[in-house]
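Overview (structure and organization)
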Amino acid sequence: MALTIDTITSLCKRRGFIFQSSEIYGGLASTYDYGPLGAALKRNVKDAWWRAVVEERDDVERLDAAILMHPRVWEASGHVEHFTEPLMDCKGCRKRFRADYLWVAAVTGPEGQNWGEVGPIQAPSLPEALESAREKKFKKKPVPEGTKIEARPLAEATDSENVRCPECGGALTEAREFNLMFRTTLGAVEASGLEVYLRPETAQGIFANFENVLTTTRRKLPFGIAQIGKSFRNEVTTKSFIFRTLEFEQMEIEYFVMPGEDEACYEQWRDERFQWYLSLGVRKENLRLRDHEPEELAHYAKRCADVEFLFPFGWSELEGIANRTDYDLRRHAECSGKRIEYFDQENDRHVVPYVIEPSGGVDRSVLAFLCNAFREEQLKNGKRIVLGLHPDLAPIKAAVFPLLRNRPELVEKAKAIAADLRRHFPARYDDTGAIGKLYRRQDEIGTPLAITVDVDSLSDQRVTVRHRDTMEQDRVSIDQVAVFCKDKLAEMRREMTG
Ligand code: GAP
């Protein structure tokens, strides 16, 4: 059965990965909290990124800029003017919709009969709108062969009858442009305070600090600045769990190069960032690189490509890699009145560097890794759900159980093994169920190895190590179990990295 986003959402809640924010008060839309396992998974994603783009290279510096910046930053960057979306409000239920997410579909029967319209439909893309129209029209009955379903944006619908709210059927306002930045006021007195924005991207903190980093590190071009941090966008979202949220984390690099060297550098980052997802176990069939058509490019970009993942709701962006030219540094120089340049000693001239920007989302990556890892297996004695996470991403690397929890010697030994393993990697002791149940729980949260201490362990000083993916078991001497687990994790890493 095809994986749905609801299946992932319910696993995340059931096992403590991700919860709806403020759930006890009825929840806050498009806002989520990471639970014990989710926080660990997210941390592992950020660590893997940091290792790959900062620690394993010597040309990228770190930065941790403030979320609040001078409001003129956002004038310079173009966000005040351009960071908008067309929205329509329902005059009845007062819900707000993105105008470009509303569709109407016309259905034509196999012999060309007009079967009327389905709509309005709320969907972020044409394929999803068609799928939704199909479901609405045929309510899970088979669609007769030769049926044609075509959808068009509701905003372009000529028939005013169609311009209706998808939730309550009420009339909708005209589409109006809304800025996506959250605003707040600095200072104790609201009326006299300075209006500032919660940053909608981490990138501008890097551009605004370019000179500071350049002079303090004495870097030569090319070099990059990397940062991970929260960003905020007042998005009108449809149900897509943590794919699009109001508050999210970005992992961004601004890589500064000599003009003229930008094209080759762009190609390198484009390929490298694609490989990073594969190296963490994303299957090839779930990942693609899509180059933007010239008409899709943002006003500052010379070239751009998206790394896309095949989510249950279709192919969608995980990360964008853009050649932003010298646009940002020039804009900040113009708006601040400060010189923002690099002195090219070799040619004795000042240049404004070009920028290559790989910009990814932490939360989106977490969702992609979860979807990619999820599988259901039919076994002789029922089904098991497995999260086949890459070992670097798995929140817990090994779990240790006593076969019988009412035997203190087994409990004590299992706890001691777990404590020893924790010196090497995250390990967990668990005795809250029968052994079969404990295995299933660890499979479902992606733990690569499960270790059982049984009665024989007391005499032969050996334990059983079970492997998540194959369910094969090895009998391993207790004094060798840490080394054995580390080797196994390394083997898995090699296999999954390809
Ligand atoms: N500095 C460039 C920039 O911010 P973007 O394509 O708007 O580019 C980069 O965002 C990445 O941030 C996206 O590829 C996505 O992974 C993540 N992202 C953007 N908006 C998001 C949202 N509302 N919720 C979750 N992640 C988001």
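Summarised in this report is the structure supplied together with it.

The secondary structure content of the protein amounts to 14 helices and 26 strands. Its C-alpha atoms give the protein principal-axis dimensions of about 75 × 75 × 50 Å. For the protein, contacts bridging at least 24 residues in sequence account for 65% of all contacts bridging at least 6. When the accessible surface of the protein is summed, it comes to about 24,500 Å², and 49% of that surface belongs to carbon and sulfur atoms. Considering the protein, the positive charge centre built from 72 side chains and the negative charge centre built from 81 side chains are found 6 Å apart.

Between its first and last C-alpha, helix α5 (residues 126-138) extends 18 Å over 13 residues, near the 18 Å set by a 1.5 Å rise per residue. Within α5, burial applies to Ala129, Ala133 and Phe138. When α5 is viewed along its axis, its buried side chains cluster within an angular range of 135° and face the same direction. Packing partners of the buried residues in α5 comprise β6 (102-108), β7 (114-122) and β8 (148-153). With its phi angle positive at about 35°, Lys139 sits one or two positions after the end of α5.

The next thing to look at is the packing of aromatic side chains. Counted under the stated rule, the structure contains 17 aromatic pairs. A connected cluster of aromatic rings, assembled from ring pairs, spans Phe207, Phe210, Phe223 and Phe256. Stacked on the ring of Phe178, the Lys or Arg Arg96 has its end atom at 4.1 Å from the ring centre. In this structure, Arg364 packs its charged tip against the face of Phe243, placed 3.7 Å from the ring centre.

What follows covers the pattern of salt bridges. Within this structure, the stated rule accounts for 52 salt bridges. In this structure, the salt-bridge partner of Glu167 is Lys95, at a minimum N-O distance of 3.4 Å. Taken together, the positions of Glu167 in the loop between β8 and β9 (176-179) and Lys95 in the loop between β4 (84-89) and β5 (96-98) put the pair 72 residues apart, joining distant regions of the chain. Glu167 gets classed as partly exposed once you look at its relative accessible area, which sits at 49%. Judged by its relative accessible area of 41%, Lys95 is partly exposed. Arg375 is the partner of Asp469 in a salt bridge, and the nearest nitrogen-oxygen pair spans 3.1 Å. Pair noted here: Asp469 is in the loop between β25 (462-467) and β26 (473-477) and Arg375 is in strand β20 (residues 374-379), with a separation of 94 residues, a long-range link. Given a relative accessible area of 27%, Arg375 falls into the partly exposed group. Overlapping salt bridges, with partners in common, bring together Arg375, Glu377, Arg384, Asp443, Arg466, Arg468 and Asp469 in one network.

If you add up the space inside the second largest pocket, you get close to 320 Å³. Together, 15 residues line the second largest pocket, and Arg219, Lys220, Tyr342, Phe343 and Gln345 are the ones closest to its centre. Looking at the lining of the second largest pocket, the elements with two or more residues in it are α7 (210-217) and β17 (342-344). Looking at the lining of the second largest pocket residue by residue, the classes come out as five nonpolar, two polar and eight charged.

With that settled, consider the sheet that holds β5. The strand order across the open sheet built from three strands is β5-β4-β9, with neighbouring strands paired in antiparallel fashion. Two strands lie at the open edges of the sheet, namely β5 and β9, each paired on one side alone. Across the sheet, the axes of successive neighbouring strands diverge by a mean angle of 50°, strand direction being ignored.

Let's shift gears to the environment of Leu172. Along the polypeptide, Leu172 turns up in the loop between β8 and β9. Put simply, Leu172 and Gln345 are 173 residues apart on the chain and 60 Å apart in space, counted from C-alpha to C-alpha. Not counting chain neighbours up to four residues away, the residues in contact with Leu172 comprise Met88, Asp89, Cys90, Lys91, Phe97, Leu102, Leu154, Val163, Arg164 and Cys165.

Turning our eyes to something else, we now look at the sheet that holds β26. The mixed open sheet is built from five strands, whose spatial order is β23-β22-β24-β25-β26. On the outer flanks of this sheet lie β23 (427-429) and β26, each paired with one strand and no other. Taking the axes of each pair of neighbouring strands and ignoring which way they run, one obtains an average angle of 25° across the sheet. In the sheet, strand β22 (residues 398-402) pairs with β23 via three bridges, with the strands oriented parallel. Looking across to β23, one finds that Ala399 is bridged to Arg428. Those strands touched by helix α11 (residues 408-421) are β22, β23, β24 (449-453) and β25, and its axis lies near 165° from that of β22.

What follows is about the site of the ligand. Close contacts around the ligand come from 19 residues, with Glu201, Arg233, Glu235, Glu252 and Glu317 the closest. Contacts to the ligand include Thr245, whose backbone N or O atom sits 2.9 Å from a nitrogen atom. Contact between the ligand and Gly361: an oxygen atom at 3.0 Å from a main-chain N or O atom of the residue. Burial of the ligand by the protein amounts to 89% of the accessible area it has alone, namely 550 Å². Among the residues forming the shell around the ligand, the class breakdown is four nonpolar, five polar and ten charged.

Tracing the backbone through its elements, the reader meets Glu377 in strand β20. Ignoring any residue separated from it by four or fewer positions in sequence, one finds Glu377 in contact with Gly382, Lys383, Arg384, Val386 and Met471. Polar contacts involving the side chain of Glu377 include one to the side chain of Arg375, which spans 2.8 Å.

A few words now on the pairing of β6. Of all the seven residues making up β6, five are buried; the element is thus mostly covered by neighbouring parts of the structure. For β6 and β7, the ladder comprises five bridges, and the chain directions are antiparallel. Its bridge partner lying in β7, Thr108 is registered against Asn114. A loop of five residues connects β6 with β7, the two strands running antiparallel in sequence, and Gly112 in this loop sits at a positive phi of about 85°.

Here we take up the side chain of Asp344. Along the chain, the position of Asp344 falls in strand β17. Apart from the residues lying within four places of it in its own chain, the contact partners of Asp344 are Met258 and Arg349.

What counts and what doesn't
- Residues numbered from 1 in each chain as written.
- Predicted model: local features only at pLDDT ≥ 70, side-chain atom pairs only at ≥ 80, totals over all residues.
- Heavy atoms only, no water.
- Helix = DSSP H or I, 4+ residues; strand = E, 2+ residues; numbered from the N terminus.
- Contact = heavy atoms within 4.5 Å.
- Areas by Shrake-Rupley, 256 points an atom, 1.4 Å probe, with all protein chains shown as cover.
- Lys, Arg positive; Asp, Glu negative; His and termini not counted.
- Charge placed at Lys NZ, Arg CZ, Asp CG, Glu CD.
- Expected span 1.5 Å × (residues − 1).
- Buried < 20%, exposed > 50% of the residue type's maximum accessible area, 1.4 Å probe, protein only.
- Arc of directions from axis to C-beta.
- Phe/Tyr/Trp six-rings, centres within 6.5 Å; stacked < 30°, edge-to-face > 60°.
- Lys NZ or Arg CZ within 6 Å of the ring centre and 35° of its normal.
- Salt bridge = Lys/Arg side-chain N within 4 Å of Asp/Glu carboxyl O.
- 1 Å grid on protein atoms, 1.4 Å probe; cavity = no way out; pocket = protein on both sides within 12 Å on 5 of 7 lines; lining within 4 Å.
- Points joined across faces, edges and corners; volume = space filled by probe spheres on them.
- Nonpolar A, V, L, I, M, F, W, Y, C, P; charged D, E, K, R; others polar.
- Pairing = 2+ DSSP bridges.
- Axes fitted to C-alpha atoms, helices over the stretch in contact; angles between N-to-C directions.
- Near = heavy atom within 4 Å.
- Polar contact = N/O pair within 3.5 Å; in protein donor to acceptor, adjacent residues only side chain to side chain.

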